[in-house]
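Structure assessment
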Amino acid sequence: MIVPMKKFYLIVLDKDRESAPERLRKLGVAHVEELQGSGETYQTLEQKKADAENVYYFLSNYVEKESKSKRQAFASLEDAKALIDVLSLIKEISDLKRDFDSIAENTAQLAREIERVSSWGEIFESQIEYIGEKTQLSIKLYETYNAELKNLPEEIQYIRIAAPKGKARIAVVTEQGQEPQGLSASFQEFMPPQRPLSMLREELEAIAHRMKNIEAKFRSRSKYLPLIKAFIDDVESDIILERLRSGMLAHEQFAYLMGYVPARDAEKLKQIAQKYGWAVALEDPSSEDKPPTLVENPPAVRIIKPVFDFLGIVPNYNEYEISFWFLIFFVLFSAMIFGDGGYGLVITLGAFFSIFKARSNGKKVSDAQKLFAVLGFATVLWGALTGSWFGIAYNYLPSILRNISLPWINGQSPDSENNIKALCFLIGFIQLSIAHIKNLKRDFPNPKFLSQIGSLFLLAGMLNLSLNLVVDSKRFPIENGAVLSIGIGFVLVFVFGNWTGRFGSSILESLKGIISIFLGTVSVFADIVSYIRLWAVGLAGLAISQTVNGMASGILGGGFAAFVVGFIIKALLAVTLLVASHSLNFVMTVLSILVHGIRLNMLEFSGHLGMEWSGYKYQPLKEKDTPSASVK
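Presented here is an overview of the structure given in this document. (Residues numbered from 1 in each chain as written. Predicted model: local features only at pLDDT ≥ 70, side-chain atom pairs only at ≥ 80, totals over all residues. Heavy atoms only, no water.)

**Looking at the overall build of the protein chain**
The line we're drawing: To qualify as a helix, a DSSP run of H or I must reach at least 4 residues; to qualify as a strand, a run of E must reach at least 2; elements of each kind are numbered from the N terminus. In this scheme, a residue with accessible area under 20% of its type's maximum is buried, one over 50% is exposed, and one in between is partly exposed, where area comes from a 1.4 Å probe on protein chains only. By the convention used here, residues are in contact when the closest approach between their heavy atoms is within 4.5 Å.
Looking only at helices and strands, one finds 23 helices and nine strands in the protein chain. A total of 632 residues make up the protein chain; the buried ones form 42% of that total. Counting only contacts in the protein chain whose residues sit at least 6 apart along the sequence, the fraction spanning at least 24 positions is 79%.

**Concerning a nonpolar patch on the surface**
Selection criterion: Grouping into patches uses exposed residues only, defined as over 30% relative accessible area, and leaves out salt-bridged ones; the cut-off is 9 Å for like charges and 5 Å for nonpolar side chains (Val, Leu, Ile, Met, Phe, Trp, Tyr). All accessibility values rest on the Shrake-Rupley procedure with a 1.4 Å probe; residue burial counts only the protein chains present in the view. When a carboxyl oxygen of Asp or Glu is within 4 Å of a side-chain nitrogen of Lys or Arg, the pair counts as a salt bridge.
Residues Ile11, Leu13, Leu249, Phe254 and Tyr256 make up a contiguous nonpolar surface patch of roughly 420 Å² in combined accessible area. Counting only elements with at least two residues in the nonpolar patch, the list comes to strand E1 (5–13) and strand E8 (254–262).

**Overview of the packing of aromatic side chains**
To keep things clear, this is the line we draw: Geometry of aromatic contacts follows a simple scheme: Phe, Tyr and Trp rings, the Trp one being its six-membered ring, pair when their centres are within 6.5 Å, and the pair is stacked under 30 degrees between planes, edge-to-face over 60, tilted otherwise. The rule for a charge over a ring is simple: NZ of Lys or CZ of Arg within 6 Å of the ring centre, and within 35 degrees of the ring normal.
By the definition in use, this model includes 18 aromatic pairs. Here the aromatic rings of phenylalanine 329 and phenylalanine 605 are separated by 6.4 Å at their centres, their planes lie at 45 degrees, and the arrangement is tilted. Of this pair, phenylalanine 329 sits in helix H12 (residues 323–338) while phenylalanine 605 sits in helix H23 (residues 568–609), placing them 276 residues apart in sequence. The same class applies to phenylalanine 329 and to phenylalanine 605, which are both buried. For the ring pair phenylalanine 490 and phenylalanine 494, a centre distance of 6.3 Å and an interplane angle of 20 degrees mean the geometry is stacked. Within this pair, phenylalanine 490 and its partner phenylalanine 494 are both found in helix H18 (residues 480–496), separated by four residues, close to a single helical turn. Through pairs of rings, three or more aromatic residues link up here, namely Phe324, Trp325, Phe329, Phe333, Tyr531 and Phe605. The ring of phenylalanine 58 carries lysine 97 above its face, with NZ or CZ at 5.2 Å from the centroid. Stacked on the ring of tryptophan 120, the Lys or Arg arginine 169 has its end atom at 4.0 Å from the ring centre.

**Examining the pattern of salt bridges**
According to the stated counting rule, one finds 24 salt bridges in the structure shown. The salt bridge involving glutamate 92 is made with arginine 221; its shortest N-O contact spans 2.6 Å. Of this pair, glutamate 92 sits in helix H5 (residues 86–117) while arginine 221 is found in helix H7 (residues 197–221), placing the two residues 129 residues apart along the sequence. Taking relative accessible area as the criterion, glutamate 92 reaches 30% and is therefore assigned partly exposed. We note a salt bridge from lysine 268 to aspartate 265, for which the minimum N-O separation is 3.7 Å. Since its relative accessible area comes to 10%, aspartate 265 is described here as buried.

**Points about the sheet that holds strand E3 (residues 137–145)**
How we decide: Whether two strands pair depends on DSSP finding at least two bridges between them. In this analysis an axis means a line fitted to C-alpha atoms, helices contributing only their contacting stretch, and an angle means the value between N-to-C directions, from 0 to 180 degrees.
Taken together, four strands build an open sheet; the order of strands is E4-E5-E3-E6 and the sheet is antiparallel. For this open sheet the edge positions go to strand E4 (157–161) and strand E6 (188–190), each flanked by a neighbour on one side alone. Averaged over all pairs of adjacent strands, the angle between their axes in this sheet comes to 35 degrees, without regard to strand direction. Two strands pair when backbone bridges link them, and E3 and strand E5 (residues 167–175) are joined in this way by nine bridges, in the antiparallel orientation. Each residue of the ladder has a partner; that of tyrosine 142, found in E5, is isoleucine 170.

**A short note on the nonpolar core**
Generally speaking, soluble globular proteins have nonpolar side chains that are buried together. Note the following rule: Only buried Ala, Val, Leu, Ile, Met, Phe, Trp, Tyr and Cys residues count toward a nonpolar core, and they belong to the same one when joined by side-chain atoms within 4.5 Å.
Membership of the largest hydrophobic core comes to 63 residues, with the highest contact counts inside it found for Ile322, Phe326, Phe330 and Leu534. The element contributing the most residues to this core is H12, with 10 residues. Once you skip the residues sitting within four places of it in the chain, leucine 534 turns out to touch Phe333, Met336, Ile337, Cys424 and Leu600. The next biggest cluster of nonpolar side chains, apart from the first, holds 38 residues, and it includes Val55, Tyr62, Phe100 and Phe190.

**Some points on the side chain of serine 466**
The line we're drawing: In protein, a polar contact requires one atom able to donate a hydrogen and another able to accept it; more generally it is a pair of N or O atoms within 3.5 Å, and residues adjacent in sequence count only if both atoms are side-chain atoms.
The residue serine 466 is located in helix H17 (residues 449–471) in this model. Here the side chain of serine 466 touches methionine 462 through a polar contact of 2.8 Å, landing on its backbone oxygen. Contact partners of serine 466, with chain neighbours within four places excluded, come to Phe425, Val471, Phe525, Ile528 and Val529.

**Overview of the pairing of E4**
With five bridges connecting them, E4 and E5 associate as antiparallel partners. From the neighbouring strand, arginine 160 faces E5, where its bridge partner is isoleucine 170. The hairpin turn running from E4 into E5, its antiparallel successor, is five residues long, and glycine 166 in that turn takes a positive phi close to 85 degrees.

In structure tokens:
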């Protein structure tokens, strides 16, 4: 359920501007609208956070597997904070990073210089200058192609020196202070390096050694990442308070702010306001307000929350809370898409192992672990009903597995595929009907609720049409009742879909949007047909499994006797193929669930509910579970 909220206005004396946010945080129930911070203190905190985050993400690249003794160097973060100055640590790593970046840039430049001059040998700038001084001549080095030497002017005096194949290198000699004349653009002058090649290489080696030393320091400091993360959390908490302090609106000697509090906790806010002499006003949010959303469900339903967190979606405060229905259909869709009891068994065993390990370590079992256990069990159940186990042909399954399957959807039945298609459409009809029944309850007794009844008629008629066109036209002929149902549904949606309170104006509004109403009617058919993806994706996974099994059996060949004699290598290849291919198929199926299983809930179902998922989480000012030192 979505917890009801109260909107509050809080007025404090200007002298309480500093202490009020801290006291609200201790209260732990007030969601305050975010304000724009300002001032030197706020800017300092933002800079601290930015510096710490830069260090944290950079240092994360140097985490190495440490021994257990090293990982347990501190009994707790609080012990670490008592021994380590985090600000000094961050400054040290920041300085090292700047040094490292500078060295890395120099390394790149030096490597390019070595590459440029390596084929010229130990020639360097002062060497050429020394020869010029002793001979009173000017010497310049050039490189070109062999064929270009014939184009040299006759007056040019040069010495040819060793060069790579196809190239020509010359040292042009002129009177001191004169420049060679008449050289074409193909003659590229070579500028000697300031130091010999051997010295450049020694410098590069020294720099590389220095970089390794700095990287070793980064790796040694990576054990402090949890401490830096805790520091970032502390700073973020202080930033939130400083935003309120510096951004709180003021008038004369008063300051005020606005926010939301769960209705059940409104009395707590009143009590703290009375205690500190604040003025507080509470009211129900209006239709124009956008309160935060706090969703609370019983443990059995709450296991779907990790999916919502993964997707980053929150229902609007005024929208439906559909965790229960989302969970029911998500589990069903996942089981049908996986479609294999063997895969479901792997998921179930993995989930139970994870749960057992968590409990053994004294940890709380997470909602995600519980969800995976439910998904695994549902997949096992669906695989048992359809007779699907690791893609093994139905006839080769043990009799006990064949006996627990349902004849009308297992691999033995020639009509199993059509039956599953029909079941997919029926599931779609049921889920979308639930959406319109919820809308009907919302709109009643406003005549607009008749539009939802019209949508139910459309769903019923389109279900018959989907079965006829997609599954089997003879088995599911188009009934007169279905055509009548579509007609009645269209009329009801047309008349009451834009109900304004008057029949004439409602008709006029519908006429304005006749195209969208017509397209909406057609989309009902498309939405029901969309549920066939449950069969199609499951079938694709089954086909891959069966193909892999066939390839593996082809490798083995020859029966048990041949295996004993000489096919051990082939058996190993077959096992490797089975494990690798089934693992890949497993991963692909998980991705299919994320794409298709969630899509049916997020688009088709939510679309018929009229949900936009435009909400944001209720995040009250709240102290951490464990105390931490201030970073100011």
